[in-house]
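# Coordinate inspection notes
Residues per chain are reported as follows:
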Amino acid sequence: MQTETEILQAAAGMLLAWYPAHRRDLPWRQNRNFYTVLVSELMLQQTRVEAVKERYVAFLEKFPTEEELALASEDEVMKAWEGLGYYTRARNLQKAAKTLFAEGTPRTWVGVKRLAGVGDYTAGAISSIALGLKEPAVDGNVLRILTRLLADGSVVDDPAVKKRFTEMLREVYPDETADFCEGLMELGATVCLPNGAPLCDRCPWNTLCRAHLSGEEARYPVRAQKRARRVENLEVFVLTCNGKYALRKRADGLLKGLWEFPNRTPPPCPPPTEGASDRDLAEGASDEDSSCFTEEASDRGLAEGSAGFRILAAKRAKHVFTHVEWQMIGCLAEVAEEDPRFVWVTAEEIRREYAVPSAFKAFSQWVH
Ligand code: SF4
């Protein structure tokens, strides 16, 4: 029987033979340097490849080097990041660019790890891809394919398990560090898919993989029970006056520093009428949700002091973050005067200059 190291060694060779012919043609795999790898790796954290594909090229057109990014304003960076979510990454990326600009490119894993926004996985990926270092990058995808390959029933959420797999990979890391690192990512993204649906007939490891040979692919990876997300309720006001819309900068919490439509934690409100639809809400007095808006908004809400507050439309939406879920009810409302607590801008200015997070996308649709 082969040892785990022998299996991993054989798997590394098979992966390197498979990868060049099966790699997807992704924009960040062309013209690579340290800075572009850093940009792509931070963008890809917790974000789908398809979403990153759209934004990566435009981002590099705007900020082609660390110097341009380091010298940009925060608002410019946020605007270029719009739609990618997890905006802390954009701030970290700019901080990292400032470090590169001031101190030059790091040459070791430790130096890469010191950059803002770079954790163990990202440091491994950048070190392998941009610096040619034998530094494994182990995330949930890599743990999935390795636990299947070795039929390893360890709980993959345990940091000690991640550490063990990192060390096992380090032992067999080949000289082709970039292809090996990307090959593992590619196999996890295109073949050894999550949710018990791996495409084993297309896998270069199908003669080696213990889970596949025993028909138990779905048993791996073994996960700890998930924590439930916290639900937060939010009331969102898209206020319009003289063809402009009210925005404010978010002061704290999730999405801090980004532009948003005025919103608040709602006062207690009756539950929605059974069967009520978005259209019902827009129709006003006949619906309890909408009447809650009209009664509360003027005396306790963000429209306080705005003469002629008049609801034009209302709807519900939700946005799911990693640990929090926003349950939102929002209204488009006309007001007679521009409340000085907000910035008042046209739809065109919002599109061009103001980064409004996709959490508010359902309500952005009213702005045109
Ligand atoms: S053979 Fe199947 S389960 Fe095993 S690594 Fe390949 S795709 Fe995953």
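Okay, so let's go over this structure. (Residues numbered from 1 in each chain as written. Predicted model: local features only at pLDDT ≥ 70, side-chain atom pairs only at ≥ 80, totals over all residues. Heavy atoms only, no water.)

### Side note on the site of the ligand
With respect to spatial proximity, the complete set of residues near the ligand consists of Arg-148, Val-191, Cys-192, Pro-198, Cys-200, Cys-203, Trp-205, Asn-206, Cys-209, His-212 and Glu-217. The residue inventory of the shell around the ligand, partitioned by class, reads seven nonpolar, two polar and two charged. (Near = heavy atom within 4 Å. Nonpolar A, V, L, I, M, F, W, Y, C, P; charged D, E, K, R; others polar.)

### Examining the nonpolar core
Counting 100 residues, the largest nonpolar core has Phe-59, Leu-149, Trp-205 and Phe-360 as the members making the most contacts within it. In terms of residue count, helix 1 (residues 4-22) provides more of this core than any other element does, eight residues in total. (Core = buried A, V, L, I, M, F, W, Y, C linked by side-chain atoms within 4.5 Å. Buried < 20%, exposed > 50% of the residue type's maximum accessible area, 1.4 Å probe, protein only. Helix = DSSP H or I, 4+ residues; strand = E, 2+ residues; numbered from the N terminus.)

### Focus on the packing of aromatic side chains
This model, assessed by the stated rule, comprises 10 aromatic pairs. Note on Trp-326 and Phe-360: the rings are 5.7 Å apart at their centroids and 50° apart in plane angle, and the pair reads as tilted. Taken together, the residues Trp-326 in strand 6 (residues 324-334) and Phe-360 in the loop between helix 15 (347-353) and helix 16 (361-364) connect sequence positions 34 residues apart. Judged on exposure class, the residue Trp-326 and its partner Phe-360 are both buried. By the ring-pair criterion, three or more aromatic residues cluster together here, those being Phe-261, Phe-321, Trp-326 and Phe-360. (Phe/Tyr/Trp six-rings, centres within 6.5 Å; stacked < 30°, edge-to-face > 60°.)

### Re helix 2 (residues 34-44)
When you tally the buried positions in helix 2, you get 10 out of 11 residues, the bulk of the element. For helix 2, every residue scored as buried is listed here: Phe-34, Tyr-35, Thr-36, Val-37, Leu-38, Val-39, Ser-40, Glu-41, Leu-42 and Met-43. Between the side-chain oxygen at the start of helix 2 and the backbone nitrogen of Tyr-35 there is a gap of 3.0 Å, and the oxygen is on Asn-33. The first or second residue beyond helix 2 is Gln-46, which carries a positive phi of 60°. (Polar contact = N/O pair within 3.5 Å; in protein donor to acceptor, adjacent residues only side chain to side chain.)

### What to know about the side chain of Asn-92
Along the chain, the position of Asn-92 falls in helix 6 (residues 88-103). Residue classification places Asn-92 among the buried residues on the basis of a relative accessible area of 17%. Once residues within four sequence positions are removed from consideration, Asn-92 is found in contact with Leu-42, Ala-116 and Gly-117. (Contact = heavy atoms within 4.5 Å.)

### A look at the pairing of strand 2 (residues 244-249)
Inspection of the sheet shows strand 1 (residues 230-241) paired to strand 2 by two bridges, in the antiparallel sense. From the neighbouring strand, Thr-240 faces strand 2, where its bridge partner is Tyr-245. Pairing analysis gives three bridges linking strand 2 to strand 7 (residues 343-345), with the strands arranged antiparallel. Residue pairing for strand 7: Ala-246 is matched across the bridge by Trp-344. (Pairing = 2+ DSSP bridges.)

### Some points on the pattern of salt bridges
If the charged atoms of two oppositely charged side chains come close together, the side chains can form a pair. This structure, assessed with the given rule, holds 25 salt bridges. A salt bridge links Lys-53 to Glu-50; its shortest N-O distance comes to 3.5 Å. Of the two residues, Lys-53 and Glu-50 are both situated in helix 3 (residues 49-62); the distance of three residues between them amounts to about one turn of the helix. As a salt-bridge pair, Arg-230 and Glu-232 come within 2.7 Å of each other at their nearest N and O atoms. Salt bridges sharing partners connect three or more residues here, namely Arg-24, Arg-29, Arg-32, Glu-182 and Glu-186. (Salt bridge = Lys/Arg side-chain N within 4 Å of Asp/Glu carboxyl O.)

### A word on helix 9 (residues 140-150)
For helix 9, the tally of buried residues reaches nine of 11 residues, placing the bulk of the element in the interior. For helix 9, every residue scored as buried is listed here: Val-142, Leu-143, Arg-144, Ile-145, Leu-146, Thr-147, Arg-148, Leu-149 and Leu-150. Packed against the buried residues of helix 9 are helix 1, helix 10 (159-172), helix 11 (177-190) and helix 12 (210-213). Its side-chain oxygen placed 3.1 Å from the backbone nitrogen of Asn-141, Asp-139 serves as the N-cap of helix 9. Phi turns positive, to about 50°, at Ala-151, one or two residues after helix 9.

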